[in-house]
Amino acid sequence: MFDPIVPNTDPNAQVHFTFDGESIYTAPNTSVAAALLAAGHTWFRQMPVSGRQRGPFCMMGTCFDCLVEIDGITVQACVTTVTEGLNVTRVPQMHLQEGKFK
Ligand code: FES
């Protein structure tokens, strides 16, 4: 679905993080959204009222459809760079209803 402009072929130059407990490896300086899409994850949160699944749309920090939770803080995945050991999860629906967002 998404191919990097310059493919990372060096297996030692990868960053590891988890998404809902799944181990994911990606190239350094990749956004969380791009890394998750490349790993096959197309939705990151659900609409607070309807429960419909939402995933990245704009990839530039405008639509807020890419919200994820990292260490208990809700952030936009498309403007957050992956760093080693990040613990990324889908945002619990109740957090969105309560307006918890940084
Ligand atoms: S994809 Fe639109 S804000 Fe992240």
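Higher on the page you've got the structure.
This is a predicted model, so every value here is computed, not measured.

A. Spatial organisation of the nonpolar core. Counting residues in each nonpolar core, the largest one holds 17 residues, and the members touching the most others are Val32, Ala33, Leu36, Cys66, Val68 and Ala77. Here the element with the most residues in this core is helix α1 (residues 32–38); it accounts for 6 residues. Not counting chain neighbours up to four residues away, the residues in contact with leucine 36 comprise Phe19, His41, Phe44 and Ala77.

B. Looking closely at unusual backbone geometry. Look at asparagine 29: it is not a glycine, yet its phi comes out positive at around 65°. The phi dihedral of methionine 59 is positive, around 60°, even though this residue is not glycine. Position of methionine 59 among the secondary structure elements: in the loop between β4 (53–54) and β5 (67–70).

C. Fine view of the pairing of strand β6 (residues 73–76). Here 4 bridges tie β5 to β6, and the two strands are oriented antiparallel to one another. Counterpart to leucine 67 in the pairing with β6 is glutamine 76.

D. Summary view of the environment of alanine 34. Relative to the elements of secondary structure, alanine 34 occurs in helix α1. For alanine 34, a count of 20 C-beta atoms within 10 Å corresponds to the buried category.

Conventions adopted
- Residues numbered from 1 in each chain as written.
- Predicted model: local features only at pLDDT ≥ 70, side-chain atom pairs only at ≥ 80, totals over all residues.
- Core = buried A, V, L, I, M, F, W, Y, C linked by C-beta atoms within 7 Å.
- Buried ≥ 20, exposed ≤ 12 C-beta atoms within 10 Å, placed from the backbone.
- Helix = DSSP H or I, 4+ residues; strand = E, 2+ residues; numbered from the N terminus.
- Contact = placed C-beta atoms within 7 Å.
- Pairing = 2+ DSSP bridges.

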